[in-house]
Amino acid sequence: MLEALAVALGGALGSLGRWQLGVLFKQWIPNLPVGTFAANVVAGLIIGFVTGIDLASLLQPQVKLFLAVGLCGGLSTFSTFSNETLAFIQAGNWTAAGVNIAANIITCLVAVFIGLKVAAAVS
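Since this is a predicted model, take the numbers as computed values, not measurements.

1. Side note on the UniProt feature "transmembrane region" (unreviewed entry) in the chain
So, step 1. In this structure's numbering, the residues bearing the UniProt feature "transmembrane region" (unreviewed entry) are residues 33–53, 65–81 and 101–122.
So, step 2. Annotated as residues 65–81, this span is 88% helix and 0% strand, and its ends, taken at the C-alpha atoms, are 23 Å apart.
So, step 3. Each end of residues 101–122 is marked by a C-alpha atom, and these two atoms are 32 Å apart; helix forms 100% of the span and strand 0%.

2. A look at the packing of aromatic side chains
So, step 1. For the coordinates displayed, the defined rule picks out 2 aromatic pairs.
So, step 2. Here the aromatic rings of phenylalanine 25 and tryptophan 28 are separated by 5.7 Å at their centres, their planes lie at 90°, and the arrangement is edge-to-face. On the criterion of helical spacing, the pair formed by phenylalanine 25 and tryptophan 28 is a turn pair, its members being 3 residues apart in helix H1 (residues 2–28).
So, step 3. For phenylalanine 25, a relative accessible area of 18% puts it in the buried group.

3. Section: the UniProt feature "binding site: Na(+)" (unreviewed entry) in the chain
So, step 1. The positions UniProt marks with the feature "binding site: Na(+)" (unreviewed entry) are Gly73 and Ser76.
So, step 2. Note that glycine 73 resides in helix H3 (residues 61–75).
So, step 3. Tracing the backbone through its elements, the reader meets serine 76 in the loop between H3 and helix H4 (78–90).
So, step 4. Overall, the relative accessible area of 28% leaves serine 76 in the partly exposed class.

4. Examining the packing of H4 against helix H5 (residues 94–122)
So, step 1. Orientation of H4 relative to H5, taken along the N-to-C sense of each, is 155°, at an axis distance of 7 Å. Relative to H5, the element H4 lies roughly antiparallel. The crossing of H4 and H5 is left-handed. Of the residues in H5, those touching H4 at Phe81, Thr85, Phe88 and Ile89 are Trp94, Ala96, Ala97, Asn100, Ile101 and Asn104.
So, step 2. Looking at the contact of H4 with H5 residue by residue, the classes come out as 7 nonpolar, 3 polar and no charged.

5. Brief notes about H1
One turn of the α-helix equals 3.6 residues, which is why residues spaced by three or four share an orientation.
So, step 1. Relative to the 39 Å expected for 27 residues at 1.5 Å per residue, H1 spans 39 Å between its end C-alpha atoms, a close match to the ideal helical length.
So, step 2. Taken together, the buried positions of H1 are Ala6, Gly10, Gly11, Gly14 and Phe25.
So, step 3. Each element contacted by the buried residues of H1 is listed here: helix H2 (34–55) and H3.

6. Points about the state of the cysteines
So, step 1. All chains considered together, the criterion is met by 0 disulfides.
So, step 2. As a non-bridged cysteine, cysteine 72 has cysteine 108 as the owner of its nearest cysteine sulfur, 11 Å distant.
So, step 3. Among the residues examined, cysteine 72 registers a relative accessible area of 4% and is labelled buried.
So, step 4. Cysteine 108 sits in the buried class, given a relative accessible area of 17%.

7. Some details on the packing of H2 against H5
So, step 1. One way to put it is that H2 packs onto H5 with a least axis distance of 7 Å and a crossing angle of 30°. For H2 against H5, the interelement crossing comes out right-handed. Residue-level contacts link Phe37, Asn40, Val41, Gly44, Leu45, Ile47, Gly48, Phe49, Thr51, Gly52 and Ile53 of H2 to Ala103, Asn104, Thr107, Cys108, Ala111, Val112, Ile114, Gly115, Leu116, Val118, Ala119 and Val122 of H5.

What counts, and at which threshold
Residues numbered from 1 in each chain as written. Predicted model: local features only at pLDDT ≥ 70, side-chain atom pairs only at ≥ 80, totals over all residues. Heavy atoms only, no water. UniProt positions renumbered as here; feature names shortened; annotations may be inferred. Helix = DSSP H or I, 4+ residues; strand = E, 2+ residues; numbered from the N terminus. Phe/Tyr/Trp six-rings, centres within 6.5 Å; stacked < 30°, edge-to-face > 60°. Buried < 20%, exposed > 50% of the residue type's maximum accessible area, 1.4 Å probe, protein only. Axes fitted to C-alpha atoms, helices over the stretch in contact; angles between N-to-C directions. Parallel < 35°, antiparallel > 145°, perpendicular 65-115°, else oblique. Left-handed = near helix turned anticlockwise from the far one by under 90°. Contact = heavy atoms within 4.5 Å. Nonpolar A, V, L, I, M, F, W, Y, C, P; charged D, E, K, R; others polar. Expected span 1.5 Å × (residues − 1). Disulfide = S-S within 2.5 Å.

Laid out in structure tokens, this is it:
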């Protein structure tokens, strides 16, 4: 039961964070999915860090569930990324779709790598 609560609380906080990032970036850059991109990158950093710390056996299982499954699961959003990319394709903007795909995948992989390296440095 404690594990389910950890995931649910983390998911709620992550979802609220994703929504707030979307609202914030929509004000500044209304025509680009920057909020989704930012949420995915932040989630990548967090999950890389959590994975790195967990490899050093420094996390309790409930904390890992809260952060990796709940928070990162709620914060990152493959479905919204996919929907926004498809909207570019349907509008005939293949360049924006390609840039969105490449930027999200490459940057998120780099973010996870950086998170792992930061965790290794502090543990």
